[in-house]
Amino acid sequence: MNTWDKNKGERSGKPLAREGKPNNRDNNKKSSSMSNLQRKGSYQEKKQDYRKKEFTSDFKSRGKNFEHSSNFKGGFKRFYKNPQEIQQHTTEPKDNRLRLNKFLANAGICSRREADELIRQGLVEVNGKIVTEMGVRVDPEKDVVKYGGSTIKGEKKVYILLNKPKGYITTTKDEKARKNVMELVAGACKERIYPVGRLDRQTTGLLLLTNDGELAKKLTHPSHGAPKLYHVVLDKNVSTGDMEKIRRGVVLDDGPAPVDEIEYVEGKDRNQVGIKLHIGRNRIVRRIFEHLGYQVVALDRTMFAGLTKKNLPRGHYRFLTDKEIAYLKML
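This structure is a prediction, so every number in the text was calculated from the model and none was measured.

Enquirer: Would you take a moment to explain the overall build of the protein chain for this structure?
Expert: Assigned secondary structure in the protein chain consists of nine helices and 19 strands. Sorting the 331 residues of the protein chain into buried and exposed places 32% on the buried side. Considering only intrachain contacts with a sequence separation of at least 6, the fraction spanning at least 24 residues in the protein chain is 59%. Within the structure as shown, the protein chain displays about 23400 Å² of accessible surface, and the carbon and sulfur contribution to it stands at 48%.

Here it is as structure tokens:
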């Protein structure tokens, strides 16, 4: 029986070459084929070098095709830039200019509509020249604006947190002479501030007031939406099934009403729940529970955009710290 010889790599007792042909597999001599595989320029290495060159040239050609393609504007240059080009690249300075009527309104002179009338009458000067055209923009830090002979300075940004009591409406003015939140912060600052979002008359809790229009828009815009936490007291216990329905999101007349979290208030009866959400549609919390047959007895906003009522009694206000302002701008 022929057996495999591990040392020689061949079957013993079997000729290594067919009859009539020389046997080149001499174990004592190195064949030419073996020397070719071992030396540096062997067939396998040449094949690998060829493939590497072929891939490199193909990659470069593809790169050129991408750069010249209309569907891939900029090609690889768009993603891989020269470090020197990056250092030389400079961004355009931010435009801090405001419309003149907005500048006057922010300074507390009048409303925007009234400012337009003052401009038409030629009562406003910018850098020593009377301005009567609408839409003129001014830089609060560089331009000198005068009204009635006095220089108007751009107002500083003010941020006030109010713990709103029941019975106050969230408006700056009211034709029916009802109590509004502006009465609670009267005299807090000279700047014209306004509420960020709304709380209905019977709802209590946190309300932010500011003259920072960009931040106010950011906190109330549907795509961002500041997180809000409410403590809700209902006319009866909320069933676990209804809690799950609210958690999944109920659909109201104006669309779905998604919530982030909802739980029973610890240590209280099951008619008291905490609900957290981002959306800020009108009376949204009340309408969620009314949709399921509950009546809201009391509603209190205990958290707004990370701000809490800690050390802030009902009906009182305080100015935000620099750290809190920076946090709001990062949201």
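Enquirer: Just checking my understanding: could you explain the sheet that holds strand β7 (residues 145-147) for this structure?
Expert: By definition, the strands of a sheet pair up through backbone hydrogen bonds, in either a parallel or an antiparallel sense. With antiparallel pairing, four strands are arranged side by side in an open sheet as β5-β4-β7-β8. The sheet is open, and its two borders are formed by β5 (129-130) and β8 (150-152), each paired with just one other strand. Bridge count for strand β4 (residues 124-126) against β5 is two bridges, and the pairing is antiparallel. Opposite V126, over in β5, you have K129 as the bridge partner.

Enquirer: Which parts of the structure should I look at to understand the nonpolar core?
Expert: Proteins that are soluble and globular tend to have nonpolar side chains buried together. If you look at the biggest cluster of nonpolar residues, it comprises 34 residues, and the most contacted ones within it are Y230, V232, L234, I275, V285, I288 and F289. Secondary-structure elements contributing two or more residues to this core are β9 (159-164), β11 (204-210), β12 (228-234), α7 (240-248), β13 (250-252), β16 (272-277), α8 (284-291) and β17 (296-304). Examining the composition of this core, we find that four residues originate from one element, α8, more than from any other. Sequence-distant contacts of I275, that is, excluding residues within four places in its chain, are made with K228, L229, Y230, V232, I246, V259, E261, I262, V285, I288 and F289. Ranked by size, the runner-up nonpolar core spans 16 residues in total, among them L161, V196, A216 and I325.

What counts, and where the lines are drawn
- Each chain has its residues counted from 1, following the order in which its sequence is written.
- A pLDDT threshold of at least 70 governs which residues receive local features in this predicted model, and a stricter bar of 80 or more applies before side-chain atom pairs are shown or counted, although totals over entire chains, interfaces and linings include all residues.
- The side-chain values count all of the structure's non-hydrogen atoms but skip hydrogen atoms and water molecules.
- Helical segments are the DSSP runs of H or I of at least four residues, strand segments are the runs of E of at least two, and each set is numbered from the N terminus.
- We call a residue buried when its accessible area falls under 20% of the maximum for its residue type, exposed when it is over 50%, and partly exposed in between, using a 1.4 Å probe and counting protein chains only.
- Contacts between residues were defined by any pair of non-hydrogen atoms, one from each residue, lying within 4.5 Å.
- Areas reported as accessible are Shrake-Rupley estimates using a 1.4 Å probe. Residue values count occlusion only from the protein chains shown.
- Strands were regarded as paired on the criterion that DSSP finds at least two bridges between them.
- The criterion is simple. A nonpolar core is a set of buried Ala, Val, Leu, Ile, Met, Phe, Trp, Tyr and Cys residues joined through side-chain atoms within 4.5 Å.

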